[in-house]
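Residue-level structural notes
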Amino acid sequence: MTTAKRWTSGLLAITLSALFLAAPARAIVSTGTPTALHSDTDGDTEADRQAVSREIERFRGSSISISQAMAIAERRHAGATTADVSFDGASGVPVYRVKTLHNDRIWRHTINASTGELVGGEAALPLAELDHEDRDNLAALGAIRHRLADAVRVAERAASGKAISGGLVRERGRLNFAIVVISGDDLKEVILEPPGARTK
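Residues numbered from 1 in each chain as written. Predicted model: local features only at pLDDT ≥ 70, side-chain atom pairs only at ≥ 80, totals over all residues. Heavy atoms only, no water.

Our focus in this paragraph is helix α1 (residues 45-60). With 16 residues, α1 extends 23 Å from end C-alpha to end C-alpha; this agrees with the ideal 22 Å at 1.5 Å per step. Residues of α1 that are buried: Ala47, Asp48, Ala51, Val52, Glu55, Ile56 and Phe59. (Helix = DSSP H or I, 4+ residues; strand = E, 2+ residues; numbered from the N terminus. Expected span 1.5 Å × (residues − 1). Buried < 20%, exposed > 50% of the residue type's maximum accessible area, 1.4 Å probe, protein only.)

Even without glycine at this site, Asp104 takes up a positive phi of about 60°. Along the chain, the position of Asp104 falls in the loop between β4 (95-102) and β5 (105-112). The exposure class of Asp104 is exposed, given its relative accessible area of 58%. Positive phi values are uncommon outside glycine, yet Ser160 reaches one of about 55°. Locating Ser160 in the fold gives a position in the loop between α4 (148-159) and β7 (162-171).

Glancing now at the confidence of the model for the protein chain. Model confidence for the protein chain is summarised by a mean pLDDT of 77, while 75% of its residues fall at 70 or above. Within the protein chain, the element-level pLDDT minimum falls on strand β1 (residues 12-20), averaging 30, and the maximum on helix α2 (residues 66-75), averaging 96. Note on residues 1-25: pLDDT is under 50 here. Beyond four places in sequence and across chains, it has 71 contacts. Note on residues 33-41: pLDDT is under 50 here. Beyond four places in sequence and across chains, it has 23 contacts. (pLDDT = per-residue confidence, 0-100. Contact = heavy atoms within 4.5 Å.)

Enumeration over the complete set of coordinates arrives at 6 salt bridges. The shortest N-O distance in the salt bridge between Asp185 and Arg60 comes to 3.8 Å. Here Asp185, found in the loop between β8 (174-183) and β9 (186-193), pairs with Arg60, found in helix α1; they are 125 residues apart in sequence, far enough to count as distant. One salt bridge in this structure joins Arg76 and Glu122, with 3.5 Å as the shortest N-O distance. Placement of the pair is Arg76 in the loop between α2 and β3 (81-88) and Glu122 in strand β6 (residues 118-126), with a sequence separation of 46 residues. Exposure remark for Glu122: the relative accessible area of 29% places this residue in the partly exposed category. (Salt bridge = Lys/Arg side-chain N within 4 Å of Asp/Glu carboxyl O.)

Another point: the environment of His77. Topologically, His77 is positioned in the loop between α2 and β3. Judged by its relative accessible area of 13%, His77 is buried. His77 sits 23 residues away from Thr100 along the chain, and the two C-alpha atoms are 8.9 Å apart. Ignoring sequence-local partners within four residues, the contact set of His77 consists of His102, Trp107, His109 and Glu122.

Structure (structure tokens):
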């Protein structure tokens, strides 16, 4: 699932050693100024920077953390696990968009970033309706013992900041967690390779 936004232009990769709940994981932190977060400015560099700055400012003003938003969404269905989460402050009330996996369905939740309340109900999509790659990624997520919430904690420590989004990515046949962290005025992408992720 290509859920976390990827920024490659002008990024510097630094390899760190991190602990993932007492099991070793490899964390790669990429730093730099991405060209877009939730931007609709079609390549206008200055407008993109302003959009990113507004998004970061709205994120910093939110009372609910990304970890809290995931926990709220997961509590909706006992045994659910988060597959993707992102902050959206582009319009109206800032929210987290959380996708959880439960009983062969992807549940979509919108969580108010100030109050933690569910906005507009929830929607479910059967896994059978997803493409082959997404189904494989979600099957692998169920097979590893680490969760996105664990990856967020590791990424926040590794990048010295607060996570704004996270999800699954598959690189070179391996399932990874990709977490975007705000550290100071920078956005950093942290790629975590969970132990036990299956290669395809």
